[in-house]
Structures are given as C-alpha cells and as structure tokens.
Amino acid sequence: MAQSDLSVVATNACGWPNLTKLLNGDLICIYFNAPSHGQMEGDLVCSVQKLSQKKWKKTAIVSRRPPKGNRMHLAVGQANNGDLLCFSSGFLLNKKKFVGFAGHWLSRSQDGGITWDEDKNPAIPSKLTTCIPYGRIVSLGPKLLAYSCYRSQGRGNPSESWVCFSEDDGWTWKKYYKLGNNDSNEVALCPLPQGKLLAAVRTHVDHHLKTEEFSLNTRRWKSTGDVSLPMQHPADLIQVGSNCILMTYGLRNRGLMGFAARISLDKGNTWLPPWTLHQCGERASDIGYPSTVCLDNKGNMMTAFYTDYEPRFKKSAAKYRVIVKNWNIFDWMSIENRKTVSSGLQF
C-alpha cells in the first residue's frame with residue numbers, strides 16, 4: 001500500500017473517530033482532540049473534507065468539555081431531515097484519573113457540521129443518563145432512529161448495553177431494549193429489511209465480537225454468533241449492497257495491531273473470512289476504532305481510525321493521530337462475490 005492511501009485528519013488526537021458521508025458527498029469526521037486515552041482534558045471536534053477537496057478542515061467543537069473534564073465517547077448519525085446528531089459522554093479528571101461521569105449529552109448540527117447546538121439534558125430514559133454512547137445513529141424509517149449505549153462496571157463486573165429508539169427523528173428518545181446477559185459493551189448497529197436491526201457487539205469477558213439481531217415486531221434480541229477472536233474489537237457496520245454488510249473492526253492483539261474487515265453476502269447470517277486491511281507495527285500500543293463509508297459505486301471505501309504509532313510516517317511515527325485510509329473492497333474479493341456486491345452497491 002502506498003503512503004498516499006493514508007491521510008491525516010488530526011495530529012495529537014487519540015480519536016475514537018466517527019466517519020459520516022453526507023448526501024452532498026462531503027465527509028464528516030468527529031473525534032476526541034487530545035493525545036491520551038481519555039486521561040486528559042479535551043473536546044469532541046468536527047473536521048470536514050469537501051467533495052472537491054482532499055484536505056481535512058476542522059470546523060467546530062461538537063461537544064465542549066466541562067471544567068477539569070473531557071468529551072471522549074460518541075455516537076453519530078443523520079436524522080431523516082438531514083440534521084447531524086452526536087450523542088457524547090466523558091469523564092471528570094483529577095491528576096489524569098477518572099473521578100466522575102461528565103454527562104450523556106446530545107449535539108445537533110443543521111448546517112452540515114459547521115455549527116452545533118448542544119443539549120446537556122436530552123430527552124432520553126433516566127436509566128441511560130449515566131451510560132456511554134457508541135457507534136452510529138441509524139435510521140429505520142421516516143421518523144425512526146436508533147443508537148446504542150453501554151455501562152461498564154470495570155474488570156470482573158457486569159457490562160450492559162442498550163439500544164434506544166426515537167420516533168420523532170431524534171428529538172425525544174423513549175423506548176430502549178437491553179442486549180445479552182451482562183457481557184456486552186460497545187455496539188455497532190446496521191438496519192436490515194423488514195424492521196430488523198443487526199448489531200456487532202463487543203463482549204466484556206474476552207473482548208471478542210458477536211452479532212445479534214433485533215426485530216421491531218417482537219422487540220427481542222436474538223444472538224446469531226461470534227465473528228472475531230478475543231481482543232478484536234470494536235466494530236463498525238455499513239450496508240454495501242442489497243444483501244451485503246461490511247464489518248470493519250480493530251485488531252488489538254499484540255503483534256497484529258491494526259484493523260480488519262469481514263463481509264456478509266446474506267444480511268449478516270454468514271460471514272466471509274477476514275481481511276487484514278492495515279497494520280500499525282509492533283510499536284503501536286493504542287489503535288483502532290475503525291469507521292467506514294462507501295465513497296462510490298466502484299467499491300472505493302474510506303476508513304477512519306486512530307493510532308499512537310504509524311510506521312509510514314517514519315521519524316514522526318510515534319504520535320497520536322486520526323487517520324483515514326482509502327481502499328477498494330473489490331481488491332479483496334473473488335470475481336463471483338464482486339458481482340454480488342456491485343449489483344446493489346450503496347453509496
């Protein structure tokens with residue numbers, strides 16, 4: 001892979017990036033702007049890459065940190081009216097240690113990420129106000145949205161996740177449903193036909209990924225299987241064809257630090273063998289959280305991720321960065337599978 005396939009969104013930013021493609025083709029990347037895995041004060045900020053440009057430009061603060069705190073976790077998506085939404089949370093800090101939860105807030109942009117209004121008391125269920133949002137806010141219908149959040153009690157203790165729904169395009173969030181049996185953490189969501197929702201779930205015990213399926217008719221979750229090895233997490237899910245789902249996920253195994261992908265040709269029922277898309281080298285110790293969009297109907301993809309070490313930057317390799325990688329999904333597929341995906345490629 002040539003270095004030109006990588007471009008930097010932000011330097012000295014740990015990240016947890018979330019990448020969104022707007023209807024006009026502009027790309028939005030929202031991320032944590034401090035060079036620390038949450039032990040520093042920092043904000044969630046928005047950078048934009050215009051359709052006609054290659055460089056990223058920081059446009060705004062999406063969620064501003066409280067005194068002696070940060071905004072580091074996020075769930076991002078578009079409402080059906082085109083508004084950008086970002087749920088966020090963070091921690092209060094004392095000498096680089098977490099000493100309190102800094103709130104579960106909701107930011108909204110009505111101008112493509114240029115300006116943001118922040119609601120520190122969004123209309124969400126009281127049970128979820130101390131939970132951490134993650135992944136994508138997805139649309140399931142004209143006014144119906146969903147996002148996920150979780151609560152972790154630390155090592156050896158239960159970890160719980162919920163998916164919460166809005167029936168008025170993101171203004172209020174009332175119904176929510178729990179996943180699994182206290183072994184779920186960060187949850188990536190992807191809509192399926194016939195009122196179903198696919199989830200790729202980071203487990204809590206050994207941090208592998210499993211999939212679950214939710215039905216709006218039964219209001220129940222059904223486990224559908226494991227999809228990664230331990231320490232391979234978290235995931236992002238996007239639809240890339242009429243029946244095809246792309247899952248990108250972090251590789252956090254020592255000696256294999258980077259991110260990978262798997263594709264399902266049957267709406268998440270089965271998955272092709274994984275592809276290792278990028279590795280950050282043996283000196284990387286904090287990486288991952290890939291977020292992917294499809295750029296066109298030729299199979300060109302963009303994945304945002306973060307790393308504390310990227311060997312392709314040579315002398316300045318050891319530095320936290322948010323990076324995007326351009327790649328083509330068809331380079332990794334057989335001719336037969338290419339036809340299956342390209343027949344209904346969505347972008």
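Going by the structure above, here's the rest.
This one's a predicted model, so the numbers in the text were calculated from it and none came from an experiment.

(A) Spatial organisation of the packing of aromatic side chains. Counted under the stated rule, the structure contains 17 aromatic pairs. Where Phe-91 meets Phe-98, the ring centres are 4.4 Å apart and the plane angle is 25°; that geometry is what we call stacked. The exposure class assigned to Phe-91 is buried, which follows from its relative accessible area of 15%. Ring geometry for Tyr-177 versus Phe-214: centroids 5.2 Å apart, planes at 45°, classification tilted. Taken together, the residues span a long stretch of sequence, with Tyr-177 in strand β15 (residues 175-179) and Phe-214 in strand β18 (residues 209-215) at a distance of 37 residues.

(B) Structural view of the sheet that holds strand β14 (residues 159-166). Taken in spatial order, the 8 strands of this open sheet run β11-β10-β7-β6-β12-β13-β14-β15, and their pairing is mixed. Lying at the two open borders of the sheet, with one neighbouring strand each, are β11 (117-119) and β15. Averaged over all pairs of adjacent strands, the angle between strand axes in this sheet comes to 20°, irrespective of strand direction. Here 5 bridges tie strand β12 (residues 132-139) to strand β13 (residues 145-152), and the two strands are oriented antiparallel to one another.

(C) The arrangement of the side chain of Glu-310 in detail. In this structure, Glu-310 sits in the loop between β25 (300-307) and β26 (321-328). Buried within the structure, Glu-310 lacks any salt-bridge partner; its nearest side chain of opposite charge belongs to Arg-312, at an N-O separation of 4.2 Å. For Glu-310, the residues in contact, after removing those within four places along its chain, are Leu-6, His-278, Cys-280, Phe-305, Ala-317 and Ile-323.

(D) The arrangement of the environment of Val-324 in detail. Locating Val-324 in the fold gives a position in strand β26. As for Val-324 and Met-247, which are separated by 77 residues in sequence, their C-alpha atoms are 16 Å apart. Apart from residues no more than four positions distant in its own chain, Val-324 is found in contact with Asp-5, Leu-6, Ser-7, Val-9, Trp-56, Met-302, Thr-303 and Ala-304.

(E) The arrangement of the sheet that holds strand β24 (residues 287-294) in detail. Spatial strand order, β1-β26-β25-β24: 4 strands in an open sheet with antiparallel pairing. The outermost strands of the open sheet, each flanked by one partner alone, are β1 (6-11) and β24. Direction aside, neighbouring strands of the sheet carry axes that sit 20° apart on average. When β24 meets β25, the two strands line up antiparallel, connected through 6 bridges. In the strand pairing of β25, Ser-291 is matched with Ala-304.

(F) Region of the structure containing the side chain of Arg-202. Tracing the backbone shows Arg-202 in strand β17 (residues 196-202). Note on Arg-202: relative accessible area 13%, which makes it buried. A polar contact is formed between the side chain of Arg-202 and the side chain of His-207, at a distance of 3.2 Å. Within the structure, Arg-202 has its side chain in polar contact with the side chain of Tyr-289 (distance 3.3 Å). Apart from the residues within four sequence positions on either side, Arg-202 is in contact with Asp-183, Ser-184, Asn-185, Glu-186, His-207, His-208, Leu-209, His-233 and Tyr-289.

Definitions and limits used
Residues numbered from 1 in each chain as written. Predicted model: local features only at pLDDT ≥ 70, side-chain atom pairs only at ≥ 80, totals over all residues. Heavy atoms only, no water. Phe/Tyr/Trp six-rings, centres within 6.5 Å; stacked < 30°, edge-to-face > 60°. Buried < 20%, exposed > 50% of the residue type's maximum accessible area, 1.4 Å probe, protein only. Helix = DSSP H or I, 4+ residues; strand = E, 2+ residues; numbered from the N terminus. Pairing = 2+ DSSP bridges. Axes fitted to C-alpha atoms, helices over the stretch in contact; angles between N-to-C directions. Lys, Arg positive; Asp, Glu negative; His and termini not counted. Salt bridge = Lys/Arg side-chain N within 4 Å of Asp/Glu carboxyl O. Contact = heavy atoms within 4.5 Å. Polar contact = N/O pair within 3.5 Å; in protein donor to acceptor, adjacent residues only side chain to side chain.

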